[in-house]
Amino acid sequence: MFFDRDGCLNADTGYVHRPEDFRWLPGAKAAVQRVNRAGWLAFVVTNQSGIARGLYGEREVEALHAWMSADLARKGAWIDAYRYCPHHPEAGTGPFTRACDCRKPRAGMVRDLMTAWGVDPARSFLVGDQPRDVEAAAAAGIAGYRVAEGEVLAAVRAGLRRHACQGGTPA
């Protein structure tokens, strides 16, 4: 199970990179917990062009993800792995300003996690709030579902029912 971050798990208020600016959306923690309890792997894949734009660095993103993990742990939930794309094809200057395979709608982050964790694509899906999330899922050969803010729990419930019936090992 792949989650987009901004706009799916947390309110997308623009370049969120600090815990004090992070606000979980309704049902987001419960959605992660539902994935965990179903015995599935839970991943986050997120574009972070703020790095290419020079607004914050990789350390800030990694620290925020560590904070998210600690906050989820208080609910008995967890994210198995995070992937972020620090690149943007046009914005900013320096080494992060380039086209890459990891920036959604491309599938690099999803494929990387699938390979690293031995994920079964037939039993996998991605939930996100933007068309690029669904496009990245399709490019990786998995299902993708677009949700509005606050709808992630319902999407996870439906996705788990739909994809658990397709055989193979849990995603």
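The shown structure was predicted, so the numbers you read here are calculated from the model rather than taken from an experiment.

Caption draft 1: Highlighting the nonpolar core. M1, F3, L9, I79, V127, V152 and V156 are the most contacted members of the largest nonpolar core, which totals 28 residues. Counting only elements with at least two residues in this core, the list comes to helix 1 (28-37), helix 3 (58-73), strand 4 (125-128) and helix 6 (152-164). The biggest single contributor to this core is helix 6, with 5 residues. Not counting residues up to four positions away in its chain, the partners in contact with F3 are L9, A31, V32, V35, A42, F43, V44, V45, I79, V127, V152 and V156. Counting 18 residues, the second largest nonpolar core, distinct from the first, contains C102, A107, M109 and V110.

Caption draft 2: Structural context of the side chain of N36. Residue position: N36 is located in helix 1. There is a polar contact of 2.8 Å between the side chain of N36 and the backbone nitrogen of W78. If we ignore the near neighbours within four places in the chain, the residues touching N36 are A42, G76, A77 and W78.

Caption draft 3: Quick peek at helix 6. For helix 6, with 13 residues, the first-to-last C-alpha span of 17 Å sits near the 18 Å given by 1.5 Å per residue. Along helix 6, the residues classified as buried are V152, L153, A155, V156, G159, L160 and H163. For helix 6, the buried positions fall inside an angular range of 155° around the axis, keeping them on one side. Set apart from the buried face of helix 6 by more than 90 degrees, the exposed residues are A154 and R161. Those residues of helix 6 hidden inside the fold are in contact with strand 1 (2-3), helix 1, strand 4 and strand 5 (143-146).

Caption draft 4: Focus on the environment of G108. Position of G108 among the secondary structure elements: in helix 4 (residues 108-117). Put simply, G108 and R83 are 25 residues apart on the chain and 9.6 Å apart in space, counted from C-alpha to C-alpha. If we ignore the near neighbours within four places in the chain, the residues touching G108 are D101 and C102.

Caption draft 5: Structural context of the pattern of salt bridges. Within this structure, the stated rule accounts for 8 salt bridges. Between E20 and R18 there is a salt bridge whose closest N-O contact spans 3.5 Å. For E20, a relative accessible area of 59% corresponds to the exposed category. Among the ionic pairs, K104 bridges to D133, the shortest N-O distance being 2.7 Å. Of the two residues, K104 is situated in the loop between strand 3 (81-85) and helix 4 and D133 in helix 5 (residues 131-140); the sequence distance between them amounts to 29 residues. The pair formed by K104 and D133 is uniform in burial state, with each residue classed as buried.

Cut-offs applied
- The numbers attached to residues start from 1 for each chain and follow its sequence in the written order.
- Only residues with pLDDT of at least 70 get local features here, since the model is predicted, and only at 80 or more are side-chain atom pairs given and counted; chain-wide, interface and lining totals rely on the full set of residues.
- As a rule here, side-chain values cover all heavy atoms of the structure and leave hydrogens and water aside.
- Throughout this description, the term nonpolar core refers to a set of buried Ala, Val, Leu, Ile, Met, Phe, Trp, Tyr and Cys residues connected via side-chain atoms within 4.5 Å.
- Only protein chains enter the accessibility calculation, which uses a 1.4 Å probe. A residue is then buried if its area is under 20% of the maximum for its type, exposed if over 50%, and partly exposed in between.
- Starting at the N terminus, helices and strands are each numbered in turn, a helix being any DSSP run of H or I of at least four residues and a strand any DSSP run of E of at least two.
- Here, two residues are considered to be in contact whenever any of their heavy atoms come within 4.5 Å of each other.
- Nitrogen and oxygen atoms within 3.5 Å of one another constitute a polar contact, given that in protein one can donate a hydrogen and the other can accept it, and given that sequence-neighbouring residues count only through two side-chain atoms.
- An expected span of 1.5 Å times one less than the residue number is assigned to each helix.
- For this quantity, the arc is that covered by the directions from the helix axis to the C-beta atoms.
- Here a salt bridge means any side-chain nitrogen of Lys or Arg lying within 4 Å of a carboxyl oxygen belonging to Asp or Glu.

Distances and angles like these do not, on their own, reveal function.
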